[in-house]
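Now for the letters of each chain:
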Amino acid sequence: MTESDDNILTQLPVRLKDARRAQGLSLDAVARLSGVSRSMVSQIERGESSPTISTLWNLTRALKVDFAGLLDNAPGPDQIEILRGQDVPTIDNLGTGCRIRILSPPEEAGKHEVYEISFTANGSLRSNPHARGAREHLTVIEGDVTITSGEASASLKPGDTARYAADLPHRIEATGGEARAFLVVINA
């Protein structure tokens, strides 16, 4: 382990606790919002446990803080924040045959979320209704996709964009092979 690794392990518990207190949240509230048990949140804040990337991601979303900013100083106005491809958080357990890369920062969760979705042949992502008034904008990059929102359905090809209500059941399905798309979710 390097000296910078030691600094991160020392800073992380303090920064998480500071972020929780700045939001005025109790341990129980953070546990409910993040899906991380109260005891685990407490252990992480006391430096008694090191969180997995997934746990840390859930906590940053719940606390509406920048994932990378917890580990080092947040970029100033004259700096460029870079998240390398291999470091982008992914979700592989939603839908069937799809991988979701989370491109937006955690502080945008629920407001303006951006994802890249890759589908295997016939892969699909089915979603329950989001918050009232939520909308999704899907742009197909590769392959063919069918989008269904409520009872409405449309087929999309590369370069096509669909905008639809996401406050009712909806799904995205790859048709005829692999597909890749960018998804923007507003007011989730």
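Residues numbered from 1 in each chain as written. Predicted model: local features only at pLDDT ≥ 70, side-chain atom pairs only at ≥ 80, totals over all residues. Heavy atoms only, no water.

1. Focus: the pairing of strand 4 (residues 135-149)
Working step 1: For strand 4 and strand 6 (residues 161-165), the ladder comprises 5 bridges, and the chain directions are antiparallel. Its bridge partner lying in strand 6, Thr139 is registered against Thr161.
Working step 2: Of the strand pairs in this sheet, strand 4 and strand 7 (residues 170-186) are connected by 13 bridges, and their pairing is antiparallel. The residue bridging Leu138 from the neighbouring strand is Leu183, located in strand 7.
Working step 3: Pairing geometry for strand 4 and strand 5 (residues 152-156), over 5 bridges, is antiparallel. Each residue of the ladder has a partner; that of Ile147, found in strand 5, is Ala154. (Pairing = 2+ DSSP bridges. Helix = DSSP H or I, 4+ residues; strand = E, 2+ residues; numbered from the N terminus.)

2. Quick word on helix 4 (residues 53-63)
Helical geometry note: an α-helix holds 3.6 residues per turn, so side chains three or four residues apart project in the same direction.
Working step 1: Residues Thr55, Leu56, Trp57, Leu59, Thr60, Ala62 and Leu63 constitute the buried set of helix 4.
Working step 2: With its phi angle positive at about 55°, Lys64 sits one or two positions after the end of helix 4. (Buried < 20%, exposed > 50% of the residue type's maximum accessible area, 1.4 Å probe, protein only.)

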